[in-house]
Amino acid sequence: KELTELFEAYYEAYGAGDLSALEKVAYPMSDNEKSYVGVFSQYIEDYQNIEYYSKSGLSKDEYFVSVYYEVKFYGVETYAPGMEFFYVQKDVDGNYYINNLYCSFNFARVEQEMDPEIYAAVVRYEQQEDVIELLQETQDKFDEAVEKDEALSTMSTETIPNAMKQWLQ
């Protein structure tokens, strides 16, 4: 229940570009990532069908989590399937939070230093057959959705990539 609530709060805040709410459930977050969320969230209308797959993490009350979602972009009818990885831990008050050091943004850009042990464990998790299978199923659903909806294809191959190129500059 707690993890479900955590991811619902995360995607609600992310989709709305509500950095204040987002930072309550996912931290630390670099200034660059905050800027990225601000740009990307402008295209998001809604998230639905948020489901997660989890395995125990390195310590008690820690989890490797793959979250499946479907995102609706403004001006596009079809929801786009997607999947993100998260490392979830408990804070000093006993509440679950997303350790954002291990999010896809920081993994790709390495703006913030990661614990080598957790980093290696995340890499091993993502190389497991069942996790690879989940990613492939999600990719297949995404490819099918893009094939059926030209607006989604344009959004995912032109509109958002062009916006991200501008953001990088």
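Look up: the structure comes first, before these words.
What you see is a predicted model; the values in this text were computed from it and never measured.

Asks: Describe the overall build of the protein chain, listing the residues and the values that go with them.
Replies: Summing up its helical and strand segments, the protein chain has seven helices and five strands in all. Starting at the N terminus and walking to the C terminus, you meet the elements of the protein chain as α-α-β-α-β-β-β-β-α-α-α-α. Expected size for 169 residues packed as a compact globule is a radius of gyration near 15 Å; at 16 Å, the protein chain falls within 12% of this value. Along the three orthogonal principal directions, the C-alpha set of the protein chain runs to about 45 × 35 × 30 Å. Of all 169 residues assigned to the protein chain, the portion counted as buried reaches 41%. In the protein chain, once contacts between residues fewer than 6 apart in sequence are set aside, the share between residues at least 24 apart is 55%. One finds the centroid of the 12 positive side-chain charges in the protein chain at a distance of 3 Å from the centroid of its 34 negative side-chain charges.

Asks: Tell me about the pairing of strand E2 (residues 44-56), and name the residues and values.
Replies: As judged from the ten bridges shared by E2 and strand E3 (residues 63-73), these two strands associate in the antiparallel manner. Bridge pairing links Asp-46 to Lys-72 in E3. The antiparallel hairpin formed by E2 and E3 contains six residues in its connecting segment, where Asp-61 sits at a positive phi of about 65°.

Asks: For the pairing of strand E4 (residues 80-90), give the residues involved together with the corresponding values.
Replies: Counting buried residues along E4, nine of its eleven residues qualify, which places the element largely inside the surrounding structure. Alignment of E3 against E4, held across nine bridges, turns out to be antiparallel. Bridge pairing in E4 links Ser-66 to Phe-85. Between E3 and E4, which pair antiparallel and follow one another directly, the connecting turn spans six residues, one of which, Gly-75, has a positive phi of 80°. Pairing of E4 with strand E5 (residues 96-99), which is carried by three bridges, proceeds in the antiparallel orientation. Bridge pairing links Lys-90 to Tyr-96 in E5. The hairpin turn running from E4 into E5, its antiparallel successor, is five residues long, and Gly-94 in that turn takes a positive phi close to 85°.

Asks: Would you mind going over the sheet that holds E4 in detail, with residue names and values included?
Replies: Pairing between sheet strands relies on hydrogen bonds along the backbone, with the strands arranged either parallel or antiparallel. With mixed pairing, five strands are arranged side by side in an open sheet as E1-E5-E4-E3-E2. At either margin of the open sheet sits one strand with a lone partner, and together these are strand E1 (26-27) and E2.

Asks: Can you tell me about the environment of Tyr-47, naming the residues and giving the values?
Replies: Along the chain, Tyr-47 falls in strand E2. Separated by 67 residues in the primary sequence, Tyr-47 and Met-114 have C-alpha atoms spaced 29 Å apart. With sequence-adjacent residues up to four places away left out, Tyr-47 is seen in contact with Tyr-11, Tyr-14, Gly-15, Phe-40, Tyr-69, Glu-70 and Val-71.

Asks: Describe helix H7 (residues 150-168), naming the residues involved and giving the relevant values.
Replies: Over its 19 residues, H7 runs 26 Å from end to end, which matches the ideal 27 Å to within 8%, given 1.5 Å per residue. The sharpest bend along H7 reaches about 35° and sits at Ser-156. All of the buried residues in H7 are Leu-152, Met-155, Ile-160, Ala-163, Met-164 and Trp-167. Considering only its buried residues, H7 is in contact with helix H3 (31-40), E3, E4, helix H4 (104-109) and helix H6 (129-148). Capping the start of H7, Asp-149 holds a side-chain oxygen 2.9 Å from the backbone nitrogen of Ala-151, two or three residues further along.

Calculation criteria
- Residues numbered from 1 in each chain as written.
- Predicted model: local features only at pLDDT ≥ 70, side-chain atom pairs only at ≥ 80, totals over all residues.
- Heavy atoms only, no water.
- Helix = DSSP H or I, 4+ residues; strand = E, 2+ residues; numbered from the N terminus.
- Rg over C-alpha atoms; globule rule 2.2 N^0.38 Å.
- Buried < 20%, exposed > 50% of the residue type's maximum accessible area, 1.4 Å probe, protein only.
- Contact = heavy atoms within 4.5 Å.
- Lys, Arg positive; Asp, Glu negative; His and termini not counted.
- Charge placed at Lys NZ, Arg CZ, Asp CG, Glu CD.
- Pairing = 2+ DSSP bridges.
- Expected span 1.5 Å × (residues − 1).
- Bend = angle between axes of the 7 residues up to and from the residue.
- Polar contact = N/O pair within 3.5 Å; in protein donor to acceptor, adjacent residues only side chain to side chain.

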